Every structure is written in C-alpha cells, then in structure tokens.
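Below are the chains, spelled out letter by letter.
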Amino acid sequence: MKLVIAGAGSIGCYCGALLAVAGHQVTLLGRARVLGPIRQQGLTITDYSGLRRTLHASSMILSEDAACLRSADLVIVTVKSGATAEMAELIKMHAPAHTPVLSWQNGMENARTLRAILPDHDVRAGMVPFNVVPTDPGTYHRATSGEIVIQAGRGDLAGQLSSPDLPVTASDQIEAVQWGKLVINLNNALNALSGLTLVNQLMDRNWRRLMADQMSEALTVLKAAGHPVASTTPLPAWMTPHILRLPTPLFSRVAARMLTIDPSARTSMAYDVMEGRPTEIDILQGEITHLGQQTGLPTPICSRVAELIRQAPETPMFPDQIRP
C-alpha cells in the first residue's frame, strides 16, 4: 500500500521504517528538523531485543508538504494530540475521501476529533503500546514491548500492516483497549517527575505503590463512568495494582513475564519535560480528573500529578512529595 505517516515523530519514524521494510511505499510527512537528518544519513531504528535496521533516505518519500496525502491508500496519524485537528484539516484538504485514516496516538479523543472533521473517511482508533525515543539525529529506539491494536472494520487492515517486527492486530473493543493503555500511561507523568529510568522506578516499591494507587483511582472512576477497561498486558487490569504493590523480589518475577523494558528507557513525557516541550498531561491525568468531576468521585492523585507536571519541576521528586 501507499502509506502516509502524518506527523512523523518518534513513533511515526519507527513504525514507518518497519512498514517500508515490509514492502509498503511509505511517505513520512513531517517537519524539517525530523526529516533533515534522515535525508542526510538515512533512518536507523533499534529496539530492546537487538533489532537494528538502517534505511537509505531513498527507501521512503520524505515530505514537508501535505500535498503528499493525495496519493495515500492509508493515512496513519502519529502527531501529538494538540496537533490532531490541524492534521485532520490537512487530510480533508488533500487526501481522497475514500482513504482510511488510523490514529496511532495516545488518549481517547484523537479518533473522535478526526471523525468529526473527516466524516467521509473510514477513521479508526488504534493503540500503540510501546514507547520510542530518539537517540541520535535520524535514529529511533523502541524501549518497551507490546503489539499494536487497531479498530476492526472493513477489510483486513491489520493483516495488511502486520509483519514479524511490527505485529498489528484488530479489535472490536478498541475503546476498552485504549482505556487500558491510558491507565498504564498514567505512569508517564510519574516517570517524568521521578527523574529515573522506568526500570529503576519499577524496582522501587515506594514508586510502585504510588503507581498502584494512581491506577486504582483511575479504575474506580472508569468503572463508575461505565467504561470497560481491557488490559494491555497478560494480566487483567484490576490485578495490576496488586502486582505493583508486591515486595520487589516477587514483583520482579511477575513483571519479567509481562513486559520487556530496555534498561535505559524513560517515558516520552519524561523527555518532553526535560526539553521543555508541551506534554500530553491533559489527555492522560486530565481525562481521569474530568471523569471524576462527571461521576462525583475524587481524583486527588491524578489532580496532584497533573498540577506538578504543568509546573514543570526542574529537579526529581520523591513519591512522598507527590502524594496529595
């Protein structure tokens, strides 16, 4: 297929490279600061398992002009949430009306935003469970495990996109899957506040207890709001807080079977805070606090964490400093 990665950043470049390796004609639509190094030295992707591939710039089409959307068989949107509406307008202006659009973004509102602006398109939500970080110009590293899930619909899009290095499956319960990812992603902000790698954070029981309490707060609110939650790990979502609270030796054994994490991995929000970029706190903790207001349930941890992230603290914090 002719695929356009609309808003190629870390996730878009990593996934786009593997889609190109799988035989698709991939266009990376992005900014010059991202595409410039790729034009000069190619695109290199690596992962926690030792995968390493370098693609010559000629292996893909690199474009800063949204007119490239005109030839798309499929558009995969990977911009941050704040840019979704703007990207949707570009798709509306340039892409053929029949072109399916996938949202490979965090949060719950992006697919809804895309559908509202693109009523003539087959817009489907998706869930990307792993994080990808830039390590050098033109180089992107996948630091955690998991498989992409997209909303089921006409045709076998998941089958067409899936490859051994980038498995993609379809689900007719995509909102429950997205809620499950959002609950896990609530740790993005805690990791940013901690200043630790994910592994070091997870090996600290005090941090895990805070993670568990925040997750329990969110699951309580989601249950009251009538939103089913599908786990993105082998364990049911309700069990994860209990696992997090286990003594570290027991937790280590269980976690080793659930998730693979690169020792150097941090969350994308940690990098956003370090570099002074806008974060996605409003679509993560902000989503839970909004639901808490609707259901009349308190969300003290999510509210406190959101407040701290918006203040952009310059020094690492400890769990006791974060608890309300």
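Residues numbered from 1 in each chain as written. Predicted model: local features only at pLDDT ≥ 70, side-chain atom pairs only at ≥ 80, totals over all residues. Heavy atoms only, no water.

Visitor: Help me understand the pattern of salt bridges in this model?
Guide: Oppositely charged side chains can form a pair if their charged atoms are brought close together. In this structure the tally under the stated criterion is twelve salt bridges. Of the charged contacts in the structure, one is a salt bridge between Arg 154 and Asp 122, with a shortest N-O distance of 3.9 Å. Of this pair, Arg 154 sits in the loop between strand E11 (148-151) and helix H5 (157-161) while Asp 122 sits in the loop between helix H4 (110-117) and strand E8 (123-127), and the two are 32 residues apart along the sequence. Looking at Asp 122, the relative accessible area reads 18%, which means it is buried. (Salt bridge = Lys/Arg side-chain N within 4 Å of Asp/Glu carboxyl O. Helix = DSSP H or I, 4+ residues; strand = E, 2+ residues; numbered from the N terminus. Buried < 20%, exposed > 50% of the residue type's maximum accessible area, 1.4 Å probe, protein only.)

Visitor: Would you mind showing me how to read the sheet that holds strand E2 (residues 25-29) here?
Guide: Through backbone hydrogen bonds, the strands of a sheet pair up, either in parallel or in antiparallel fashion. Read from one edge to the other, the open sheet built from eight strands follows the order E5-E2-E1-E6-E7-E8-E11-E12, with strand pairing classed as mixed. This sheet does not close on itself; its edge strands, each paired only once, are strand E5 (61-63) and strand E12 (168-171). Strand-to-strand twist in this sheet, taken as the mean axis angle between neighbours without regard to direction, amounts to 25°. By the bridge criterion, three bridges tie strand E6 (residues 74-77) to strand E7 (residues 101-103) in an arrangement that is parallel. Note that in E7 the partner of Ile 76 across the bridge is Leu 102. Lying over the sheet, helix H1 (residues 10-21) contacts strand E1 (2-6), E2, E6 and E11, oriented at roughly 165° with respect to E2. On top of the sheet, H4 reaches E6, E7, E8 and E11; it is set at about 165° to E8, its chief contact. (Pairing = 2+ DSSP bridges. Axes fitted to C-alpha atoms, helices over the stretch in contact; angles between N-to-C directions. Contact = heavy atoms within 4.5 Å.)

Function cannot be inferred from these measures alone, as they are strictly geometric.
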